[in-house]
Amino acid sequence: MTHFVSAEEERRVRANDREYNEKFQYASNCIMTSKYNIVTFLPVNLFEQFQEVANTYFLFLLILQLIPQISSLSWFTTIVPLALVLSITAVKDATDDYFRHKSDNQVNNRQSQVLIRGSLQNEKWMNVRVGDIIKLENNQFVAADLLLLSSSEPHGLCYIETAELDGETNMKVRQSVSVTSELGDQNNLASFDGEVVCEPPNNKLDRFCGTLYWRDKKYNLTNQNMLLRGCVLRNTEACYGLVIFAGPDTKLMQNSGRTKFKRTSIDRLMNTLVLWIFGFLVCMGVILAVGNAVWEREVGSLFQSYLPWDPPVDNFLFSAFLSFWSYVIILNTVVPISLYVSVEVIRLGHSYFINWDQQMFCSQCNTAAEARTTTLNEELGQVEYIFSDKTGTLTQNIMSFNKCSINGQTYGECLKNRKPRLDFTPFNPLADQDFCFYDDTLLESVKVGDSHTHEFFRLLSLCHTVMSEEKSEGELVYKAQSPDEGALVTAARNFGFVFRSRTPGTITTTEMGRPVTYILLAILDFNNIRKRMSVIVRNPEGRIRLYCKGADTVLLERLHPCNQELMNITSDHLNEYAADGLRTLALAYRDVSEDEWETWSESHRCADKATNCRDDRLAAAYEEIEQDMMLLGATAIEDKLQEGVPETIAVLSLANIKIWVLTGDKQETAVNIGYSCKMLTDDMTEVFIISGHTVQSVRQELRSGHRSGQLHVRLSGFALVINGHSLAHALEADMETEFVSTACACKAVICCRVTPLQKAQVVELIKKHKKAVTLAIGDGANDVSMIKSAHIGVGISGQEGIQAVLASDYSFAQFRFLQRLLLVHGRWSYLRMCRFLCYFFYKNFAFTMVHFWFGFFCGFSAQTVYDQYFITLYNIVYTSLPVLAMGIFDQDVPDKRSLEYPKLYEPGQLNLLFNKREFFICIAQGIYTSVVLFFVPFAVLSDATQSTGVPLADYQTFAVTTATALVIVVSVQIALDTGFWTVINHVFVWGSLGSYFTIMFALHSQTLFRIFPNQFHFVGSAQSTLLQPVVWLTIALATAICIVPVLAFRFLKVDLKPQLSDTPIGRSVGGAWRGASSVSEGRLGARGGSRRSGYAFAHQEGFGELITSGKNMRLSSHTLTDTRLLYLHKLTPLTLLLQQEALFGRKSRAAASNSPGPPSVAKDTSQIV
């Protein structure tokens, strides 16, 4: 039966046979999300760091400085700061990876019960192997991708929550193959030797194809038989599963992207600029080397008798060659390594500001914002696209019964802060203490016995698939398949219609304190096409009634004509609820006569046992009876958003940031949340739905949307909603351009039913085609691949574990903190870094280019202008602290203004503050300053004399004058550049200027010269030079010539071409802000008088059939006997006849049918007779 097949084509797994499975060398269940280990850390990290061109550049300079013939500077001036930069980055990377290792170890060391040699043994997750049988208990995470073998629930059923995989928190049902569902005890499972042949590892969360071979028979396997890693077992005592995929082969890990090395756009630009600067440096070196060759040949040869060349130089060409490398070393300060040290310090400071921000601290969960990386802060100020998860990120996933409309009367309009919360306990001892409602008029309507209100809540207590567990008298626990249903049944419970229990054929309630049991005749199950569900019940008086709830768009069409007036009123209420972003359902009922029920029941049975087109025939049968219904009203449920979500999205939209929602939820739910958080608005021109199942249909829908978008480009915009199966086609290479062009023209984009891998692919697509900075935000494991793919990943420390936080670059507790992270911290970080870089390049070109001009006057001998100690201390002491203070503390507007006027964020998106053009302006200003600082003192001091008549035209006087003028000019320049002065700025700017004079006088003192006569050659130069009035006049003249043009240029720029932060903000962008604000806060009316449905129902098909079959219930004979006795005296002879006929009809059909699935009409109804 078995033969070896390559794992790339298919997978073979034999239960309880590790020796057989190990020959295929399947992956173990150990996962590793980290980048390094102890052996690979040093080489891999250094390799990554030397991808930075600057690091390679400084390594090259270090090698040059080790050659004594060409180096006039000591090698330690380069190796110390280079080692510091590499060490800081390495420690940061090691720390980040340590937390990944810690997370991996935490997961890998979880305990799991593995069946080994007939007994259950505790094993770590990482020791679980393919082919093992493991036991799961309630509320445990699934350790690997398992084939469900058996369960403690009847018929091999179990319930799972897949929030970590797809973001959905509604429960899903999985069922074992019938042949293995009876292998309940360990002895049977230990002897199980079935073999599974299935597809190889892949990332398809909704698909599995395989075959189980056991006892010479084969059984087909589907996704309904699988429990995937990352799921949580719910409402199931225990189950057993066979490991099919482990560790990196699991679908969860297949959907997780690799950890990537992230760099900012400024870092990438810096790499390019460093290459350009190096080219410029080479050009200057060549020019000066050629000058050296010419000078040595024409002039230097005349001095050979008393100034010979140093060995091994023996000709002018070799002298020029060495001169080239000497100038490369001297002029390398155009990009000093202190630049990169300063950048890391500034980024670290910005990270601490994020961590310390009290306005991003969540007091509810005691969680502060955390910058988990220090390398991406300025990128936060350039974000253009945000990709957000829905569940747990935008929403709290808490459903609350908010409003309702009953017989044309709306309830629930009361504001929470105006009325106290209703206390239901005196009225109803079975009420849920956590239920919140504020409108007492609805409770009064129930108390006075209003028939419409009673029927409304009776419908909610009967028309559902909720299971109830009564742990003690009156202590009810509802197990709802979706949070929507749980909220509706809980509302009915509090208003006196308490769902107590069910059997396959009955529903027991307590209505206004009176126990009532209904016969459940049929459940007309929900699906995404019908958009409604119904139950048909017989009440204790024997009357049959159909109760229906569903989307208003489908239910209102099926009402009796006499409901027209009520339908108009209820439609207005539904419109108001939808505008408020609430999830709506319409409710209706109809009475069914005995004859009609008998006829329909027969047609339903025929449809149910049909072998061809069964689903279509059942839908037609459902359609037949769901007609001429009477409208009861509508419900409005609030899917509670995280605090401040609509306001945050509105502010970010005004900042020209496009927000896309990528969710695993169904379309209606995702669209409803889009309206709730004001991503979608009723004044949008159109919301396009892309739902095609083929390449051609998706392409046609995209082109239609793109053409409509071009037609409506001047209107209010349009939105795009695309389903996961359509997105799979849209992401193909031949269609991705069309998808990007259509989607990016939209005001809002929602991708629903998407897998974790598709989330990452969408992010990569925008990165590839738009060259824009992207940010991904999520809270679950299903968001990890998206977070890793985006330029910036943000994790919400929410209810779905910490996987997203561990994979993120920044984390906080609430989505609303995102606006402060971007508009305040991100914008400030970008502004500060840009101003820092502009000033740094300016001051270093001004400092370095003086050497270039001096080369033409010193015989191109690589002689430095300044004292060597000034060269060493210039970037370390004299000018480092002022620019650091500006880079850490500077602001153009306060944080409140940044949030109030989001348009201020746009310069970062357009990259206006530091780009190639700004870089050339900076170096042009630096070169201009160097020309002034060299030639003005040179011209003045050439003919100047001291008061004693001694000439001032000596090298040391010139060096001190130029150095002093340089420090004063760059200090004045940074004073002009600083927009926000703090005490630290004042201390650093004026303190650095004072330190220059203090250190210079000390270095030029007699004391140091006596101690180190060979090291300090400028003895007395400072004192003698700075005592001369002409020197100070020269310094003042040079400063004026350098600064006055800058001042004039800036005044003209502010007047003629101001930036947003330069203008009177209230006049320039305040109007736009206030207009948008009023729209977001007001109620959004429907477009053009039309109405939008607020329908959204997070429910799955199939639960109705489970209930009526009894597969998900444990029913004892005692329970069935009690049920029979309860109803026997209440049934009329006609009812008894119908029940008996239903029994015999079902028995004959059950005998004739080979279908393993039960009919939807309740089998156990007949057992009541």
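Residues numbered from 1 in each chain as written. Predicted model: local features only at pLDDT ≥ 70, side-chain atom pairs only at ≥ 80, totals over all residues. Heavy atoms only, no water.

The protein is annotated in an unreviewed UniProt entry as Phospholipid-transporting ATPase of Sparus aurata. The record held by UniProt for the protein lists under Cofactor (unreviewed entry) the comment "Mg(2+)". (UniProt positions renumbered as here; feature names shortened; annotations may be inferred.)

> Mind showing me how you'd approach the overall build of the protein here?
Of regular secondary structure, the protein possesses 41 helices and 33 strands. Counting only contacts in the protein whose residues sit at least 6 apart along the sequence, the fraction spanning at least 24 positions is 75%. Total accessible area computed for the protein in this model is approximately 47,900 Å², and 57% of it derives from carbon and sulfur atoms. (Helix = DSSP H or I, 4+ residues; strand = E, 2+ residues; numbered from the N terminus. Contact = heavy atoms within 4.5 Å. Areas by Shrake-Rupley, 256 points an atom, 1.4 Å probe, with all protein chains shown as cover.)

> How should the nonpolar core be read in this particular structure?
If you look at soluble globular proteins, the nonpolar side chains tend to sit buried side by side. Of all hydrophobic cores here, the largest spans 106 residues; its most connected members are V335, L339, L837 and F870. The two domains that each donate at least three residues to this core are domain 2 (30–107) and domain 5 (825–1051). Counting residues in hydrophobic clusters, the runner-up holds 53 residues, among them L115, W214, M226 and C231. (Core = buried A, V, L, I, M, F, W, Y, C linked by side-chain atoms within 4.5 Å. Buried < 20%, exposed > 50% of the residue type's maximum accessible area, 1.4 Å probe, protein only. Domains from an automatic or database assignment.)

> Sorry if this is basic, but what is going on with the UniProt feature "active site" (unreviewed entry) in the protein here?
Within this structure's numbering, the places UniProt gives as "active site" (unreviewed entry) are D389. In contact with D389, not counting residues within four places along its chain, are L394, L662, T663, K759, I777, G778, D779, N782, D783 and M786. For D389, the side chain forms a polar contact with the side chain of K759, separated by 3.4 Å. (Polar contact = N/O pair within 3.5 Å; in protein donor to acceptor, adjacent residues only side chain to side chain.)

> Help me understand the sheet that holds strand β7 (residues 172–175), please; the structure alone is not making it clear to me.
Spatial strand order, β7-β6-β12: three strands in an open sheet with antiparallel pairing. Strands with a single pairing partner mark the edges of an open sheet, and in this sheet they are β7 and β12 (232–234). On average, each strand axis in the sheet is tilted by 45° relative to the strand beside it, whichever way the strands run. Alignment of strand β6 (residues 157–161) against β7, held across four bridges, turns out to be antiparallel. Each residue of the ladder has a partner; that of L157, found in β7, is Q175. (Pairing = 2+ DSSP bridges. Axes fitted to C-alpha atoms, helices over the stretch in contact; angles between N-to-C directions.)

> Would you mind going over the packing of helix α31 (residues 916–943) against helix α36 (residues 1029–1056) with me for this structure?
To describe two helices that pack against each other, one gives the angle between their axes and the distance between the axes. Close contact between α31 and α36 brings their axes to 10 Å; oriented N to C, the two are set at 155°. The orientation of α31 relative to α36 falls into the category roughly antiparallel. α36 is crossed by α31, and the crossing has right-handed handedness. Residues Q925, Y928, T929, V932, L933, V936, P937 and V940 of α31 form the contact with α36, whose participating residues are V1030, T1034, L1037, A1038, I1041, C1042, P1045 and V1046. Residue classes in the contact of α31 with α36 are distributed as 13 nonpolar, three polar and no charged. (Parallel < 35°, antiparallel > 145°, perpendicular 65-115°, else oblique. Left-handed = near helix turned anticlockwise from the far one by under 90°. Nonpolar A, V, L, I, M, F, W, Y, C, P; charged D, E, K, R; others polar.)

> What's the story with the pairing of strand β5 (residues 145–151) in this structure? I'm lost.
Where burial is concerned, most of β5 is hidden: seven out of the seven residues are buried. Judged from the six bridges that link them, β5 and strand β13 (residues 238–245) form a sheet pairing that is antiparallel. Residue pairing for β13: L147 is matched across the bridge by L242. Bridge analysis of β5 against strand β11 (residues 226–227) gives two bridges, and the strand direction is antiparallel. Its bridge partner being in β11, L147 is matched across the sheet by M226.

> Before we go on, may I ask you to explain the packing of helix α26 (residues 817–855) against α31 in this structure?
Here α26 crosses α31 at 40°, and the two axes come no closer than 7 Å. When the axis of α26 is compared with that of α31, the two are oblique. The chirality of how α26 crosses α31 is right-handed. Residue-level contacts link C838, F841, Y842, F845, A846, M849, V850, W853 and F854 of α26 to F919, C922, I923, Q925, G926, I927, T929, S930, V931, F934 and F935 of α31. Among the residues making up the contact of α26 with α31, the classes are represented as 16 nonpolar, four polar and no charged.

> Help me out: how do you make sense of the pattern of salt bridges in this one?
Note that side chains of opposite charge can pair when their charged atoms are close. Scanning the model with the defined rule gives 55 salt bridges in all. Among the ionic pairs, E736 bridges to K768, the shortest N-O distance being 2.8 Å. Of the two residues, E736 is situated in helix α22 (residues 736–744) and K768 in helix α23 (residues 756–770); the sequence distance between them amounts to 32 residues. Classification of K768 by relative accessible area gives partly exposed; the value is 48%. (Salt bridge = Lys/Arg side-chain N within 4 Å of Asp/Glu carboxyl O.)

> Can you help me understand the packing of aromatic side chains in this one?
How two aromatic rings sit relative to each other is given by the distance of their centres and the angle of their planes. The full count for this structure, using the stated rule, is 63 aromatic pairs. Ring geometry for W660 against F739: centres 6.4 Å apart, planes inclined by 75°, an arrangement best described as edge-to-face. Here F739 lies in helix α22 and W660 lies in strand β27 (residues 658–662), a separation of 79 residues in the sequence. When its relative accessible area of 1% is taken as the criterion, F739 is described as buried. In this structure an aromatic cluster arises from ring pairing among F852, W853, F854, F856, F857, F860, F934, F935, F938, Y955 and F958. Between R493 and the ring centre of Y478, over which it is positioned, the NZ or CZ distance is 5.5 Å. (Phe/Tyr/Trp six-rings, centres within 6.5 Å; stacked < 30°, edge-to-face > 60°. Lys NZ or Arg CZ within 6 Å of the ring centre and 35° of its normal.)

> What exactly am I supposed to notice about helix α9 (residues 316–330) here?
Given a rise of 1.5 Å per residue, 15 residues ought to cover 21 Å, and the 20 Å separating the end C-alpha atoms of α9 matches this to within 8%. Taken as a whole, α9 has its buried residues at S319, A320, L322, S323, F324, S326, Y327, V328, I329 and I330. In this fold, the buried residues of α9 make contact with α3 (53–65), α8 (265–298) and α26. Backbone nitrogen of L317 and a side-chain oxygen of the N-cap are separated by 2.9 Å at the start of α9; the cap is N315. (Expected span 1.5 Å × (residues − 1).)

> Before we go on, may I ask you to explain the environment of T663 in this structure?
Locating T663 in the fold gives a position in the loop between β27 and α19 (667–676). The exposure class assigned to T663 is buried, which follows from its relative accessible area of 1%. Put simply, T663 and N723 are 60 residues apart on the chain and 9.7 Å apart in space, counted from C-alpha to C-alpha. Discounting chain neighbours no more than four positions away, the residues touching T663 are D389, K390, A670, C751, C752, R753, V754 and K759.

> Sorry if this is basic, but what is going on with the UniProt feature "binding site: Mg(2+)" (unreviewed entry) in the protein here?
UniProt records the feature "binding site: Mg(2+)" (unreviewed entry) at D389, T391, D779 and D783, using the numbering of this structure. Spanning 395 residues, the named residues nonetheless gather at one spot, since no C-alpha pair among them exceeds 10.7 Å. Within polar-contact distance, the side chain of D779 engages the side chain of T393 at 3.4 Å. Checked against the element boundaries, D783 lands in the loop between β31 (773–778) and α24 (784–789).

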